[in-house]
Amino acid sequence: MLAILGKLFGTKNDKEIKKYQKRVEAINALESKYSAMSDEEIQTSIDEIKEKLQMESTTTNEVLNDVFAITREASKRVLGMRHYDVQLIGGLVLNDGRIAEMKTGEGKTLVATLPVILNALSGKGVHVVTVNDYLASRDAKELEKLYNFLGLSVGIVTNALKNDMERKEQYGCDITYGTNNEYGFDYLRDNMVYDVNEKVQRGHHYVIVDEIDSILIDEARTPLIISGPTKRKASDYVKSNEIALVLEKGEKIEPKRPDEQPVITGDFYVDEKNKVIMINDSGITKAEEMYGVENMYALDNAGLSHQLDQALKANYIFQKDVDYVVQNNEVIIVDEFTGRLSEGRRFSDGLHQALEAKEGVKIQDESQTLADITFQNYFRMYTTLAGMTGTAQTEATEFAEIYNLDVVSIPTNVPVQRVDKNDLIFKSEREKFDAICLKIKEYSDRGQPVLVGTTSIEKSEYLHNLLKEKKIAHTVLNAKQHEKEGKIVENAGIKGAVTIATNMAGRGVDIKLPKECLELGGLAIIATERHESRRIDNQLRGRSGRQGDIGESQFYLSLEDNLLRIFGSDKIANIMTRLGIEEGEHIESGMVTRAVENAQKKVESMHFESRKHLLEYDDVANEQRKVIYKFRNDLLSKEYDIDSKIKENIAEYVTNLMQHAEFLSTSAMMDDFNYEHIVLKLQEELGVHITKEEISDNDKQLVSQKLLALVQSKYDEKMSMAADEQRQEIEKILYLQILDSSWRDHLYTMDTLKTGIGLRGYNQKDPLVEYKKESYNMFIELIASIKLEIVKILFTVRLRDEEAERREIEALKAKMEQSNEALFTNKEEQAEVVAKKIARNEACPCGSGKKYKQCCGVSGPKKGLLAK
């Protein structure tokens, strides 16, 4: 019904495109004006616009038409490429902070130059995000001439940068290209520095994310984490792995009545859909016996249950050569969406160690979170977030809910001519691959190029071996080197080429076809199975049929494929049985293809809930992160009034001390007030010695005022050894150290809380609500503990007066020479030893009879302080 109405009255997307076309007409009207200008005149025009924007005497919207027209003209002259009208529409969509869905080969890279240049003119910096370092370098270098022509500098942030100074320089450019990981980790590292000048990023103004669905959806389930080592031993993982192998895998028997609970046979059950392990009472009992503990879930043994869960996942959910590979005695993650090896990345929460124990390789130290953030929360920090991709409509709901981003489908410059055939479904995987080999041979014999997409390295290796046996020449894309990968994909369009690749490999690289290949039918796409996400399938299909080229695509499936086996094979299996499908035969129908797409929708919905769930939990931590990072930035700022903050903390400390003393008093009368508690606490926590008489009074408020004045004066006296600037530097550095240490401990506690919070659901409590309540209370405790700790540290830290020490040594040497009481031949050595060992209230070693501090230890001018 909606489709019919859309055809009659136009869809929402059609109306959006019409709105943008009016603005495109206004931009086109300026083309003759700027084409008549010389290079110098164009550069002068853009400089004038830049000056107005930076002085804020105009807005980007007011100068948009001119900037887009100038960019198009500059591109014609410098790059030899003119933006089509549909590309201008794409640029307008991106400038509005929306997602432009553009088919493969429609020139997204060139489209981005329009809003990038417009937003870079304000001088606040523009970030362009790509899926890998190769694409970041390629795009930046290709477009640098255009940007430089218009007076804009270009930076590239990649993993190859050697130091922070280089990074800061790249971020200081008007336009910076880089990957999502580089931007995210640089942000986290910036919030761990102790000097504001060590920060590399300079704010989050405007960002365009290329392949936005890959970055903000596919990779959003894994947060960015900077971690450090924990105290857990490698032997713990080996033991947990041994127990996991002993426990018996069972099945889940669904209840016949709705009021009954499901029954788990054996010791545990593997929920493949949700990738969860459910362990029952018999499994827990066996594990406790093998661990040698009475209660595996007791607070003292909290790590054991977690390690066992990870060991079971490692053995029964994670598959070698699918989820990870073992190379050079190391476990390396395989990116589930690209099939690339994610070298340097490690699974968190002890899962990587569990896999290492499973594979019998060296177990590296488990890590503890020092700083983390999800991509969702990182990219939502930008004032304007926009993105481009060939496939976004299937996830439009998620983009709207999570990022508040609309998706606008941009029309192609030339209509798509690719033929997308119905899926072919076989009973077994063996039959399916036999059919694929026959089809590849058919294409290869007539010279038509074919790209074969697989969902894992394991399947690509399997097909590679089959083709080798049949002596069919082919290339396998192993996805280890992005630059090499790009070149292999580019060559996938030549005559007779057979290329095997994981579905997403080479994304961002166009496959261009020579004329002879177009005459043979264009690029043929064969997919060896459906991916969990329809978007990934559409991306693979989109490799063929770029810019109006002819081409074809078809998916080969079997009932043994993971997607069909777990989510939808029963219905399809029944159809095949009724039709009497024999060995080697297949079925092909639109109804079956729709059934497969429904299975994909189920998985997509499940993953959306998973990402939403992750975000709901991270939103709690994100609010806390914002508070901590804002205060941290304040401390780094030279303008921040640290003196007032310290005074506020001291006043709060005194208030708490008074309340505790009042609570411990035997009555409300001031005669019974517990002064002793205050005196002892000050001595114990701050090293401050006072007497009851100094603060006693009949009025409790006056006692509090006296105590505060006394404690503050003791602090001021201690810090008077330092000049004001030195004092503030000491206070800020110590505050930052305590803040960072406490925040790391808090993150670890939050991780532990999150791990076990799901069990609250069995007690009819919403785990998320419980998590919010508990984490809020923990955060309040964190703030209180930071305030207390900084007061204690500032009072107990020892300051060294280097100048006074030097004078003391000189005086001591002189006295000892005069009295001829040298105890060592080296008098300077003796003086230094004595200076270090003699307390200031002890008798002076020179024999004068005076205290050391009143004789040889008398202090001179106080300068040259250091905090220990």
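Computed from a predicted model, the values in this text were never measured in an experiment.

(A) Summary view of the packing of aromatic side chains. Throughout the structure, instances matching the rule amount to 18 aromatic pairs. Ring geometry for F426 versus Y556: centroids 6.3 Å apart, planes at 10°, classification stacked. Of this pair, F426 sits in strand 18 (residues 424–426) while Y556 sits in strand 23 (residues 551–558), and the two are 130 residues apart along the sequence. Judged by its relative accessible area of 4%, Y556 is buried. Each ring, one from Y617 and one from Y771, has its centre 4.8 Å from the other, and the planes form 55°; the classification is tilted. Here the residue Y617 occupies a position in helix 25 (residues 590–636), and Y771 occupies one in helix 31 (residues 767–796), the gap between them amounting to 154 residues. With a relative accessible area of 5%, Y617 lands in the buried category. Given a relative accessible area of 1%, Y771 falls into the buried group. These aromatic residues form a ring-pair network of at least three members: Y187, F375, Y378, F379, Y382 and Y629. Of note, K19 hangs over the ring of Y20, and the distance from its end group to the ring centre comes to 5.2 Å. Between R530 and the ring centre of F555, over which it is positioned, the NZ or CZ distance is 4.7 Å.

(B) The arrangement of the sheet that holds strand 2 (residues 126–130) in detail. If you trace the 7 strands from one edge of the open sheet to the other, you get 3-4-2-5-15-1-16, paired in parallel fashion. If you trace the sheet from one side to the other, it starts and ends with strand 3 (154–157) and strand 16 (407–409), each paired once. This sheet shows a mean twist of 20° between the axes of neighbouring strands, independent of strand direction. Of the strand pairs in this sheet, strand 1 (residues 99–101) and strand 15 (residues 384–389) are connected by 3 bridges, and their pairing is parallel. For A100, the partnering residue across the bridge sits in strand 15 and is M388. Contacts from helix 9 (residues 164–171) reach strand 2, strand 3 and strand 4 (175–179), with the element oriented near 135° to strand 3.

(C) The side chain of T374, seen in detail. By secondary structure assignment, the location of T374 is in the loop between strand 14 (367–373) and helix 16 (375–379). For T374, a relative accessible area of 1% gives the class buried. A distance of 3.0 Å separates polar atoms of two side chains, one belonging to T374 and the other to D618. Setting aside residues up to four positions removed in sequence, T374 forms contacts with P223, L614, L615 and D618.

(D) Structural context of the environment of E729. Within the secondary structure, E729 is located in helix 30 (residues 724–757). Between the C-alpha atoms of E729 and I642, which are 87 residues apart in sequence, the distance is 9.2 Å.

(E) Quick look at the sheet that holds strand 11 (residues 324–327). Across the sheet, which stays open at both edges, the 3 strands sit in the order 11-12-13 with antiparallel pairing between neighbours. In the strand order of this sheet, the two ends are held by strand 11 and strand 13 (341–342), each with one partner. In terms of strand pairing, strand 11 meets strand 12 (residues 330–334) through 4 bridges, oriented antiparallel. Looking across to strand 12, one finds that V326 is bridged to V331. Lying over the sheet, helix 15 (residues 351–359) contacts strand 11 and strand 12, oriented at roughly 125° with respect to strand 12.

(F) The arrangement of a negative patch on the surface in detail. On the surface, a cluster of negative charge is made up of D164, D195, E198, D724, E725 and E729. Top contributing element to the negative patch by residue count: helix 30, with 3 residues. Along the chain, E725 falls in helix 30.

(G) Summary view of the environment of I99. If you trace the backbone, I99 turns up in strand 1. Each C-alpha atom, one on I99 and one on V407, is 4.7 Å from the other, the two residues being 308 residues apart in sequence. Residue contacts for I99: discarding those within four places in its chain leaves V93, I212, G387, T389, A392, F399, L405, D406, V407 and V408.

(H) Representation of the nonpolar core in the model. Core analysis: the largest hydrophobic core is formed by 83 residues, its most contacted members being F379, F399, I678, L682 and L707. Once residues within four sequence positions are removed from consideration, F399 is found in contact with I99, I212, D213, L216, I217, A392, N404, L405 and V407. Counting residues in hydrophobic clusters, the runner-up holds 56 residues, among them I27, L53, V86 and L146.

(I) Representation of helix 8 (residues 133–149) in the model. Its 17 residues place the ends of helix 8 24 Å apart at the C-alpha level, agreeing with the 24 Å of an ideal helix rising 1.5 Å per residue. At L143, helix 8 shows its maximal kink, close to 45°. Considered for burial, the residues of helix 8 that qualify are Y134, L135, A136, S137, R138, D139, A140, L143, L146, Y147 and F149.

(J) Geometry of the pairing of strand 23. For strand 23, the tally of buried residues reaches 8 of 8 residues, placing the bulk of the element in the interior. Because side chains alternate across strand 23, one face comprises the buried residues G551, S553, F555 and L557, and the other comprises E552, Q554, Y556 and S558, equally buried. For strand 17 (residues 419–420) and strand 23, the ladder comprises 2 bridges, and the chain directions are parallel. Of the residues in strand 23, the one forming a bridge with V419 is E552. Pairing of strand 18 with strand 23 involves 3 bridges; the strand directions are parallel.

(K) Local environment of the packing of helix 4 (residues 39–54) against helix 5 (residues 60–78). Where helix 4 meets helix 5, the axes come as close as 11 Å, and the angle between the chain directions of the two elements is 150°. Accordingly, the angle class assigned to the pair helix 4 and helix 5 is roughly antiparallel. Helix 5 is crossed by helix 4, and the crossing has left-handed handedness. In contact with D39, I42, S45, I46, I49 and L53 of helix 4, helix 5 contributes T60, V63, D66, V67, I70, E73 and R77. Looking at the contact of helix 4 with helix 5 residue by residue, the classes come out as 7 nonpolar, 2 polar and 4 charged.

The rules behind these values
Residues numbered from 1 in each chain as written. Predicted model: local features only at pLDDT ≥ 70, side-chain atom pairs only at ≥ 80, totals over all residues. Heavy atoms only, no water. Phe/Tyr/Trp six-rings, centres within 6.5 Å; stacked < 30°, edge-to-face > 60°. Helix = DSSP H or I, 4+ residues; strand = E, 2+ residues; numbered from the N terminus. Buried < 20%, exposed > 50% of the residue type's maximum accessible area, 1.4 Å probe, protein only. Lys NZ or Arg CZ within 6 Å of the ring centre and 35° of its normal. Pairing = 2+ DSSP bridges. Axes fitted to C-alpha atoms, helices over the stretch in contact; angles between N-to-C directions. Contact = heavy atoms within 4.5 Å. Polar contact = N/O pair within 3.5 Å; in protein donor to acceptor, adjacent residues only side chain to side chain. Patch = residues over 30% accessible without salt bridge, like charges linked within 9 Å, V, L, I, M, F, W, Y side chains within 5 Å. Areas by Shrake-Rupley, 256 points an atom, 1.4 Å probe, with all protein chains shown as cover. Salt bridge = Lys/Arg side-chain N within 4 Å of Asp/Glu carboxyl O. Lys, Arg positive; Asp, Glu negative; His and termini not counted. Charge placed at Lys NZ, Arg CZ, Asp CG, Glu CD. Core = buried A, V, L, I, M, F, W, Y, C linked by side-chain atoms within 4.5 Å. Expected span 1.5 Å × (residues − 1). Bend = angle between axes of the 7 residues up to and from the residue. Parallel < 35°, antiparallel > 145°, perpendicular 65-115°, else oblique. Left-handed = near helix turned anticlockwise from the far one by under 90°. Nonpolar A, V, L, I, M, F, W, Y, C, P; charged D, E, K, R; others polar.

So yeah, pure geometry; function would need other evidence.
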